[in-house]
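Chains, contacts and geometry: an overview
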Amino acid sequence: MMVPYSEKVHELERKASEAWDRGDKEEYERLDKEWLDLLIKETEEYKKKMPIGWY
């Protein structure tokens, strides 16, 4: 299943990765949780729109 995630998901993922690369553990953990929560939300919304059996 290819979910068309929003640019916000990709942006948060990039920022989390950058925080990891800088060694900023607190910022990484905050951004990682934020982007994963949004990713899950968008996945669930996408699945609700799809006919049963398409995912």
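Positions within a chain are numbered from 1, following the residues in the order the chain's sequence is written. For a predicted model such as this one, the threshold for reporting local features is a pLDDT of at least 70, and the threshold for listing and counting side-chain atom pairs is 80 or more; totals across whole chains, interfaces and linings nevertheless cover every residue. Side-chain measures here rest on the full set of heavy atoms in the structure, leaving out hydrogens and waters.

A word on the overall build of the protein chain
- The helix and strand inventory of the protein chain stands at two helices and zero strands.
- Across its three principal directions, the C-alpha atoms of the protein chain cover 45 × 15 × 15 Å.
- Exposure is judged per residue with a 1.4 Å probe applied to protein chains only, and the accessible area is read against the type maximum: over 50% gives exposed, under 20% gives buried, and values in between give partly exposed. Burial statistics for the protein chain: of 55 residues in total, 22% are counted as buried.
- Expressed as a percentage of contacts within the protein chain between residues at least 6 apart in sequence, the contacts between residues at least 24 apart total 58%. A run of DSSP states H or I qualifies as a helix once it reaches four residues; a run of E qualifies as a strand once it reaches two. Both are numbered from the N-terminal end. Here, two residues are considered to be in contact whenever any of their heavy atoms come within 4.5 Å of each other.

A closer look at the pattern of salt bridges
- We count a salt bridge whenever a side-chain nitrogen from Lys or Arg sits within 4 Å of a carboxyl oxygen from Asp or Glu. Under the defined criterion, the tally for this structure stands at seven salt bridges.
- Among the ionic pairs, Glu-7 bridges to Arg-14, the shortest N-O distance being 2.8 Å.
- Residue Glu-27 pairs with Arg-30 through a salt bridge whose shortest N-O separation is 2.9 Å. Here Glu-27 pairs with Arg-30, and both are found in helix α2 (residues 25-49), just three residues apart, close to one helical turn.
- Classification of Arg-30 as partly exposed rests on a relative accessible area of 44%.
- Put simply, Glu-27, Arg-30 and Glu-34 are held in one network by salt bridges that share partners.

Observations regarding the nonpolar core
- Only buried Ala, Val, Leu, Ile, Met, Phe, Trp, Tyr and Cys residues count toward a nonpolar core, and they belong to the same one when joined by side-chain atoms within 4.5 Å. Counting eight residues, the largest nonpolar core is built from Val-9, Leu-12, Ala-16, Ala-19, Leu-31, Trp-35, Leu-38 and Leu-39.
- Looking at this core, the elements with two or more residues in it are α1 (7-22) and α2.
- The residues contacting Trp-35, other than those within four sequence positions of it, are Val-9, Leu-12, Glu-13 and Ala-16.

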